[in-house]
Amino acid sequence: MMHLGISQRRLLTRAVNTCLTGSHSSVRALLATRQSASRIQSIYWFSTVKALSSGHDQPIKILYASQTGTAKLFAYQLNEQLTDEYPDRNISLTEWSQVKPEEMLEPQKALHVFLTSVAGVGEPPDNGREFYEYIMNKTSTDDNNSLSGLEYAVFGLGSTAGHAAYFNVIGKSLDRRLEELGASRIMEIALGDDGDCIEDDFDNWLDGFMKLLKENDAVEGEQVNVEEVIDDAASAMDFVQQREQIQLHEVRHHSDEVSSEHKTIDKFTIQCPGASSKDGTRMKSNKFPTLTLLPKSKDINSVAAHKHLFHLNKTPNQFYTDGTVSLGVIGNKLLGVDAGESAIHELKLAAPNVTYTTGDHLVVYPQNSQCIVKAYLDMLDVDGNAIIDEGQPDSYPFPKGLTIYETLTHCVDLGALPSPSFARMLIGKKDIDYKSEVAYPRRTVLDLALQYGRKLSLEDLMYQVTPMKPRYYSIASSNVKHPNEIRLVYRRVQYVTKLGMLREGLCTNYLTHKGYIDTQKHAHIAAYVNINPTFRLPKSTDTPVLMIAGGCGVAPIRALLEERVALVSAQCGNLGPATLYLGFRSPEDEVYRRTIEDAITVGALSNAEVTYSSGCGKTALVSDVVRQHGNRVWDHFEGGGVTYLCGGARSFGAAIESAFLDIAQEFGDMDFAGAERYLRVMIKDGRLMDDLAD
Ligand SMILES: Cc1cc2nc3c(=O)[nH]c(=O)nc-3n(C[C@H](O)[C@H](O)[C@H](O)COP(=O)(O)O)c2cc1C
């Protein structure tokens, strides 16, 4: 399932940069929601914040660890704001994995700002693991190890939507650990919540951080009082406002001599081979470094423009994560043909050289649709064929040497929301209510630019737009049955916003358009397998299995069923009983009936209960059925069986968790707190596994 659903588990993908969109969840998170708020408070109640003592010319090190790109994006935004504000100060931007852990910290030499997300349920991001382990194991007893004199601030990224029990644990532990090791916290940790509106959280933190630096400058003797600090903040905003007027300046192309006629007529434009205007000029940003463009003769609609970015692999410009491969689309069909446009799809991919295990995720790199890319090219006034030259400054956030068309197609998320600062620039106001004006109506950069009549330069877009992130999908096939094939299940996302704008999920629509044509020449997608060791069939085949799923949550369940059927065929010992509770929106939405019937016929599934929440005479929610069968469910729990829970996190996952808590209280004769403890032990012991997302 894609999750739009589940997959979006990690799917986090998502939305990583959007407010109130999909997010990953887990039962343990749901369980802990009630407790987490007070726990977080108590942890930080006693945290100490010390006045910033370093000089106003002290270098600032921005250090980030990011799994899906959000912390990285914020780190870049912080870098931009700081270099803007303090052009003469030494500001550096470093990914944790870029330097040896023991070389990353420089007490007394720099102010350290850490940004880190949480990935993999309470785990650090992959590019942060080494440093995180280093700092957590570092001892404070050895003088050489002491971090005394190191001033720091932490912006943590996490999600309460799906990970309340582990909300921001990495940022919080890091923040605590640094203090334990003698470092000085100059600002309370900020806990960005991707389950709500993390852009807003970062914006508020950034505002506070910049003010703190200004106050420090004032204390240092520049005689700036508090009102001045506030005025400064306001004039910084005025600058933002000025920026949107986008002054156009005459500049030279990096290597070309500008002809005398251009010198005289192009007062506000850059002479540029990548311009689409007749006179060869385009707009310039008065804030971001001018991108040097080279002409390219190929047409943007040529095949080359749509190819994947594998040619960048093993270069400094590599775009895909190691292990990303090109998978041929060998099947793509609507499973519920009468279920309308949001019917569930199944995508079949040839994966001859890919190793995966049943329960893993496939991480897909989507592309923006051609019509959206074209609309941006028109707005930017540039030629999509022009190549963004290799010689850009290091701060340029995307691979160099690609055409503008390729960059807009692959590297930036044109469906994402602009950051608050970018939105302010586009709207032309310093005070905006980001949630109501941008996040909830889901206005994109293009929407705002068109609505407010802004013309954007290429640079203003490239330096502020959200980078493209790959999307996570639960694999819906078993590697035992299909070692050379991967199936995904997804629902195409389409909806109309409160402002009446049609919105389409970027990846599900990308996949939908990867139609299958039965020839040797397949469409391809770029993707890699993400190992998911906490979602596996039990090692012992006779362990009883209970599977509970809703909608696209059927994806990983299909994989488990396929594997159990394969185990029956291979006569791999005694197969324990297996029960399935599965819910769909309506009978038309139902998928895999045949698969379920076949599994029952061969003995891979003992019984199945399929319910519909609407569209038929007898509707029921899966959670109601689970409650009705409470005694059986309890016997399963007590009998040492394993349980799988797959589907949407917020409503489906929460409803089933609530049913489990009721069952434990009723049949286990325990109170609510005891029921919560009971489920927690099941999770810890690997007897309750989930693949939940929204
Ligand atoms: C696989 C995965 C696991 C996650 N686990 C947690 C978690 O345990 N606790 C939490 O607070 N957030 C968790 N999150 C949410 C992310 O930390 C959050 O979306 C963050 O903004 C992502 O930042 P990044 O893109 O820089 O990695 C998880 C996200 C993913 C993708």
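Here the structure is shown first, and the text comes after it.
Keep in mind the model is a prediction, meaning the values are calculated, not measured.

Regarding helix α2 (residues 70-85)
With 16 residues, α2 ought to run about 22 Å at 1.5 Å a step, and its terminal C-alpha atoms sit 23 Å apart, in line with that. The set of residues buried in α2 consists of Thr70, Ala71, Leu73, Phe74, Ala75, Gln77, Leu78, Asn79, Glu80 and Leu82.

A closer look at unusual backbone geometry
At Arg442, a position not held by glycine, the phi torsion is positive, near 50°. Examined against the element boundaries, Arg442 turns out to sit in the loop between α14 (434-439) and α15 (445-451). For Arg442, a relative accessible area of 12% puts it in the buried group. For Asp669, which is not glycine, the phi torsion reads 50° and is therefore positive. Checked against the element boundaries, Asp669 lands in the loop between α22 (649-668) and α23 (672-684).

A look at a negative patch on the surface
On the surface, Glu102, Glu103, Glu130 and Glu133 cluster together into a patch of negative charge. Those elements giving two or more residues to the negative patch turn out to be α3 (101-104) and α4 (129-137). Its location among the elements puts Glu133 in helix α4.

Considering the sheet that holds strand β13 (residues 344-350)
Read from one edge to the other, the open sheet built from 6 strands follows the order β16-β14-β20-β12-β13-β17, with strand pairing classed as antiparallel. Each edge of the open sheet carries a strand with a single partner, namely β16 (471-474) and β17 (485-491). On average, each strand axis in the sheet is inclined to that of its neighbour by 40°, with strand direction left out of account. The sheet contact formed by strand β14 (residues 361-365) and strand β20 (residues 524-530) spans 5 bridges and is antiparallel.

What to know about the side chain of Ser474
Looking at the secondary structure, you find Ser474 in strand β16. Residue Ser474 is classed as buried on the basis of its relative accessible area, which comes to 1%. Engagement of the side chain of Ser474 in a polar contact is seen with the side chain of Asp691, the distance being 2.8 Å.

What about the environment of Val633?
The topology assignment puts Val633 in helix α21 (residues 630-638). Taking the relative accessible area as the measure of exposure, Val633 reaches 1% and is therefore buried. Along the primary structure Val633 and Thr643 are separated by 10 residues, whereas in three dimensions their C-alpha atoms are 9.5 Å apart. When near neighbours in sequence (up to four residues on either side) are disregarded, Val633 contacts Leu546, Tyr581, Val626, Phe660 and Ile663.

Thresholds applied
Residues numbered from 1 in each chain as written. Predicted model: local features only at pLDDT ≥ 70, side-chain atom pairs only at ≥ 80, totals over all residues. Heavy atoms only, no water. Helix = DSSP H or I, 4+ residues; strand = E, 2+ residues; numbered from the N terminus. Expected span 1.5 Å × (residues − 1). Buried < 20%, exposed > 50% of the residue type's maximum accessible area, 1.4 Å probe, protein only. Patch = residues over 30% accessible without salt bridge, like charges linked within 9 Å, V, L, I, M, F, W, Y side chains within 5 Å. Areas by Shrake-Rupley, 256 points an atom, 1.4 Å probe, with all protein chains shown as cover. Salt bridge = Lys/Arg side-chain N within 4 Å of Asp/Glu carboxyl O. Lys, Arg positive; Asp, Glu negative; His and termini not counted. Charge placed at Lys NZ, Arg CZ, Asp CG, Glu CD. Pairing = 2+ DSSP bridges. Axes fitted to C-alpha atoms, helices over the stretch in contact; angles between N-to-C directions. Polar contact = N/O pair within 3.5 Å; in protein donor to acceptor, adjacent residues only side chain to side chain. Contact = heavy atoms within 4.5 Å.

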